[in-house]
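In case you want the letters, here they are:
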Amino acid sequence: MTTELGEFLRSRRAAISPEEAGLVSYGARRVPGLRREELAMLAGVSPTYYTRLEQADHHNASDAVIDSLARALRLSAEEHDHLRRLARPVGTVAGSRRDVGPRPAAVAMLMDYPGPALIVDHANYVLAWNDLGHGLFGHGLDFDAPYASRPHRPNLIRRFFLEPDGPELFVDPEGTGLQMVGFLRYSSGLHPDDHILSCLVGELVQRSDLFAELWAEHPVMDCGYGIKRLRHPVAGRMDLAYEAMVLPETSQRIVLYRAEPGSPSAAALEQLARD
């Protein structure tokens, strides 16, 4: 039986070699990575128990077992949390409102922000942007595009994978694509069985071979902060720091971008604001 939990565990077993795990490997291997019994030994559980867990025969793994598996598989903090959610699903995050527009006060704050800013939902649909946010990510789209009905709202992940020039905005399209897929995996763990996410992922898997390949690797990334390295068609090259903050009682994020004052990136943003 194939399950989300089983696929995630198998992908992580395949990504770590016996040598990396401190084991001695004997004989030829039909598949890369750790065998089930090797991971079970490293995590301190029986092979039978681990096999049942990988096949999702039950969802009663204790915190100690989940933590042991995370250590054995060398999971990141985000992957560790994702494993816990898959092994002990509790449904959608309590209190989240997933199919509503942003609060007017949040939009007003967005418009007052001096740099590029967006409000996105859990599937990365753009719900609002200010002038610079529109200029940065919405080239070719009307400013009011985020207020269309889904699926006609802008979606930054769909644009990246399905539009011919989607990757051209980013200096590192390979890393950017991996991050985008990682965010959808992270979000799917927070919102299991979500119709919006399922429709988006289904479309991308069918229409983009690259997305399907990356999705099968099960990357998990929160993408809550970092640096966006862009090659904008109007303003040119820029590096922008960003922070993504969850808006209370929603599954929405407000994403703020900033250029270092006096830098070439700040000059590029000024050029974008003038155009």
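Residues numbered from 1 in each chain as written. Predicted model: local features only at pLDDT ≥ 70, side-chain atom pairs only at ≥ 80, totals over all residues. Heavy atoms only, no water.

A.B. asks: Got a minute to help me understand the overall build of the protein in this structure?
C.D. replies: Summing up its helical and strand segments, the protein has twelve helices and five strands in all. Across its three principal axes, the protein shows a C-alpha extent of roughly 65 × 35 × 35 Å. Taking all 275 residues of the protein together, 48% fall into the buried category. Contacts in the protein between residues far apart in sequence, at least 24 positions, make up 56% of those at least 6 positions apart. Summing over all exposed atoms, the protein offers an accessible surface of approximately 13800 Å²; the carbon and sulfur share of this is 54%. The protein carries 29 positive and 37 negative side-chain charges, and their two centres are separated by 5 Å. (Helix = DSSP H or I, 4+ residues; strand = E, 2+ residues; numbered from the N terminus. Buried < 20%, exposed > 50% of the residue type's maximum accessible area, 1.4 Å probe, protein only. Contact = heavy atoms within 4.5 Å. Areas by Shrake-Rupley, 256 points an atom, 1.4 Å probe, with all protein chains shown as cover. Lys, Arg positive; Asp, Glu negative; His and termini not counted. Charge placed at Lys NZ, Arg CZ, Asp CG, Glu CD.)

A.B. asks: Would you mind showing me how to read the pairing of strand 4 (residues 236–246) here?
C.D. replies: Sheet faces and side chains relate simply in a regular strand, where the side chains alternate between the two faces. Pairing of strand 3 (residues 225–232) with strand 4 involves eight bridges; the strand directions are antiparallel. Bridge assignment links His 232 to a residue of strand 4, and that residue is Gly 236. The hairpin formed by strand 3 and strand 4 contains three residues between the paired strands. Here strand 4 pairs with strand 5 (residues 253–258) via six bridges, running antiparallel. Residue pairing across strands places Val 246 opposite Arg 253, the latter belonging to strand 5. (Pairing = 2+ DSSP bridges.)

A.B. asks: Sorry, what's going on with the packing of helix 9 (residues 173–190) against helix 10 (residues 195–207) here?
C.D. replies: Packed helices, taken two at a time, are described by the angle their axes make and the gap between the axes. At their nearest, the axes of helix 9 and helix 10 sit 11 Å apart, and the two run at 150° to each other. The interaxial crossing formed by helix 9 with helix 10 has left-handed handedness. Note on element contacts: helix 10 touches helix 9 through Leu 197, Leu 200, Val 201 and Leu 204, opposite Leu 184, Ser 187 and Ser 188. In terms of residue class, the contact of helix 9 with helix 10 is built from five nonpolar, two polar and no charged. (Axes fitted to C-alpha atoms, helices over the stretch in contact; angles between N-to-C directions. Left-handed = near helix turned anticlockwise from the far one by under 90°. Nonpolar A, V, L, I, M, F, W, Y, C, P; charged D, E, K, R; others polar.)

A.B. asks: So what exactly am I meant to see when it comes to the pattern of salt bridges here?
C.D. replies: One side chain can pair with another of opposite charge once the charged atoms of both are near each other. Across all of its chains, the model carries 15 salt bridges by this definition. Salt-bridge contacts for Arg 185 lead to Glu 4; the nearest nitrogen and oxygen are separated by 2.3 Å. Of this pair, Arg 185 sits in helix 9 while Glu 4 sits in helix 1 (residues 4–14), placing them 181 residues apart in sequence. Given a relative accessible area of 2%, Arg 185 falls into the buried group. Here Glu 79 ties to Arg 12 by a salt bridge, and the two come within 3.1 Å at their closest N and O atoms. Taken together, the residues Glu 79 in helix 5 (residues 77–87) and Arg 12 in helix 1 connect sequence positions 67 residues apart. With respect to class, Glu 79 is no different from Arg 12; both count as buried. What you see here is one network of salt bridges that share partners, running through Arg 10, Arg 13, Arg 36 and Glu 54. (Salt bridge = Lys/Arg side-chain N within 4 Å of Asp/Glu carboxyl O.)

A.B. asks: Explain the packing of aromatic side chains here, please?
C.D. replies: In this description, an aromatic ring pair is defined by two values, namely the gap between the centres and the angle between the planes. Under the defined criterion, the tally for this structure stands at six aromatic pairs. Aromatic pair Phe 160 and Phe 170: ring centres 5.7 Å apart, planes at 65°, arrangement edge-to-face. Residue Phe 160 is found in helix 8 (residues 156–162), and its partner Phe 170 is found in the loop between helix 8 and helix 9; the two are separated by ten residues along the sequence. Per residue, the accessibility class of Phe 160 equals that of Phe 170, and both read buried. Taking the centre distance of 5.3 Å and the plane angle of 85° together, the rings of Phe 161 and Phe 211 count as edge-to-face. (Phe/Tyr/Trp six-rings, centres within 6.5 Å; stacked < 30°, edge-to-face > 60°.)

A.B. asks: Can you help me understand the environment of Tyr 242 in this one?
C.D. replies: Mapped onto the fold, Tyr 242 is located in strand 4. Residue classification places Tyr 242 among the buried positions, given a relative accessible area of 7%. Not counting the four nearest positions on each side in its chain, Tyr 242 is found in contact with Cys 223, Gly 224, Tyr 225, Gly 226, Ile 227, Lys 228, Val 255, Leu 256 and Tyr 257. There is a polar contact of 3.2 Å between the side chain of Tyr 242 and the backbone oxygen of Tyr 225. (Polar contact = N/O pair within 3.5 Å; in protein donor to acceptor, adjacent residues only side chain to side chain.)

A.B. asks: What am I meant to see in the sheet that holds strand 3 here?
C.D. replies: As a general point, the strands of a sheet are linked pairwise by backbone hydrogen bonds and lie either parallel or antiparallel. Strand order in the open sheet formed by five strands is 2-1-5-4-3, and the pairing between neighbours is antiparallel. At either end of the open sheet lies a strand with only one pairing partner, and these are strand 2 (126–129) and strand 3. Adjacent strand axes in the sheet meet at a mean angle of 30°, parallel and antiparallel pairs treated alike. Where helix 6 (residues 104–112) meets the sheet, it contacts strand 1 (117–120), strand 2 and strand 5, and its direction lies at approximately 155° from that of strand 1.

A.B. asks: Could you clarify how one ought to interpret unusual backbone geometry in this entry?
C.D. replies: Glycine aside, residues mostly have negative phi, and peptide bonds are mostly found in the trans state. In this structure, Asp 193 takes a positive phi of about 60° despite not being glycine. Tracing the sequence through the fold places Asp 193 in the loop between helix 9 and helix 10. Taking the relative accessible area as the measure of exposure, Asp 193 reaches 79% and is therefore exposed. You will see that His 218, though not glycine, has its phi angle at about 60°, which is positive. A relative accessible area of 3% means that His 218 is categorised as buried.

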